[in-house]
Amino acid sequence: MFETIKYEVKEGIAYVTVNRPKAMNALNTEVLGELHTAFEQVAADDEVKVAIVTGEGKAFVAGADIAQMKDLDAVAGRAMIAKGHSVMNLIEAIDKPVIAAINGFALGGGCELAMACDIRIASEKAKFGQPEVNLGIIPGFGGTQRLPRLVGRSMAKYLIMTAEMIGAEEAKNIGLVEKVVPAEDLMAECEKIARTIMSKAPIAISVAKTVINNGYSLDLRAASALEVEGFVAPFASEDKMEGMTAFLEKRPAEFKNK
């Protein structure tokens with residue numbers, strides 16, 4: 001079904017792998033389209049509880065496909081950027097956690113793809129950057145907006161304006177990734193995190209992601225009101241009753257929607 005990505009579901013985890021290793025997994029319009037389809041499947045498939053996105057070979061995603069972008073005019077450029085935003089927004093909006101397993105270069109569109117995910121785990125070999133100003137453009141798949149929200153406005157300006165590439169430990173220090181692990185442990189660590197999330201109440205995980213995302217851009221009072229509604233929603237669920245009963249009975253909870 002897919003030509004530029006790999007898609008597999010195993011034990012509740014959807015594995016989405018960008019598969020253009022000879023092009024360092026660069027994002028062209030075909031990859032973007034297939035990523036969109038893959039994450040629509042993630043959203044719709046009840047078997048899937050968590051998704052892990054990574055890249056084949058030495059790169060996570062080394063950027064957008066410059067060979068394809070070079071000859072685009074403003075109209076075609078807008079269409080490509082709209083497709084990229086559609087993919088990133090979908091990943092961010094689906095009510096299932098998405099983990100980025102960053103195995104190598106995450107530059108430009110690759111860094112933006114990682115930032116659209118909920119949790120970022122990096123190999124110690126990973127490299128990050130937004131080098132678009134070297135090409136006479138700016139980040140176009142959400143980098144100017146998500147990067148400041150993760151690392152702060154001044155650091156985002158520094159990284160974007162200098163196009164500096166940073167290593168995994170520095171990325172962790174500034175808040176761009178949550179954890180750095182040895183390259184050989186990357187997928188196992190991401191799977192461990194996925195299984196930990198899958199052991200929790202599915203409704204609570206879904207609501208938590210939605211409330212965090214939707215409340216982040218609101219003022220504190222409006223965001224707090226959103227949290228109140230999110231807190232109340234699971235009270236009508238079996239998950240809430242099972243979780244609290246299990247706690248009082250001092251036993252592991254057995255959520256039905258695992």
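As shown above, the structure is provided for reference.
It should be emphasised that the depicted structure is a prediction, and the values quoted were computed from it without experimental measurement. (Residues numbered from 1 in each chain as written. Predicted model: local features only at pLDDT ≥ 70, side-chain atom pairs only at ≥ 80, totals over all residues. Heavy atoms only, no water.)

Participant: Where do I start with the sheet that holds strand β4 (residues 59-61) in this structure?
Facilitator: To summarise the sheet geometry, strands pair through backbone hydrogen bonds and adopt either a parallel or an antiparallel arrangement. With respect to topology, four strands assemble into an open sheet ordered β4-β6-β8-β9, the strand pairing being mixed. Every interior strand has two partners, whereas the edge strands, β4 and β9 (166-167), have only one. With three bridges joining them, strand β6 (residues 105-107) and strand β8 (residues 127-129) adopt parallel strand pairing. Across the sheet, Ala 106 pairs through a bridge with Phe 128, a residue of β8. Strands in contact with helix α4 (residues 109-116) are β4, β6 and β8; relative to β4, the strand with the most contacts, it is inclined by about 75 degrees. (Pairing = 2+ DSSP bridges. Helix = DSSP H or I, 4+ residues; strand = E, 2+ residues; numbered from the N terminus. Contact = heavy atoms within 4.5 Å. Axes fitted to C-alpha atoms, helices over the stretch in contact; angles between N-to-C directions.)

Participant: Is there a simple way to think about the nonpolar core in this case?
Facilitator: In this structure, Leu 35, Phe 39, Val 53, Phe 60, Ile 102, Phe 128 and Leu 176 are the most contacted members of the largest nonpolar core, which totals 49 residues. Top element by residues in this core is helix α1 (residues 29-44). It accounts for six residues. Excluding residues that lie within four positions of it along the chain, Phe 39 makes contacts with Val 16, Ala 51, Val 53, Leu 90, Ile 91, Ile 94 and Val 98. Grouped together as the second largest cluster of nonpolar side chains are 14 residues, Tyr 15, Val 50, Ile 193 and Met 198 included. (Core = buried A, V, L, I, M, F, W, Y, C linked by side-chain atoms within 4.5 Å. Buried < 20%, exposed > 50% of the residue type's maximum accessible area, 1.4 Å probe, protein only.)

Participant: Looking at this structure, how should I read α1?
Facilitator: Since one α-helical turn is 3.6 residues long, residues separated by three or four positions face the same way. Spanning 16 residues, α1 covers 23 Å between terminal C-alpha atoms, matching the ideal 22 Å at 1.5 Å per step. Of the positions making up α1, those classed as buried are Val 31, Leu 32, Glu 34, Leu 35, His 36, Ala 38, Phe 39 and Val 42. Of the surrounding secondary structure, the elements contacted by the buried residues of α1 are β1 (5-10), β2 (13-18), β3 (50-55), α3 (74-93) and β5 (98-102). (Expected span 1.5 Å × (residues − 1).)

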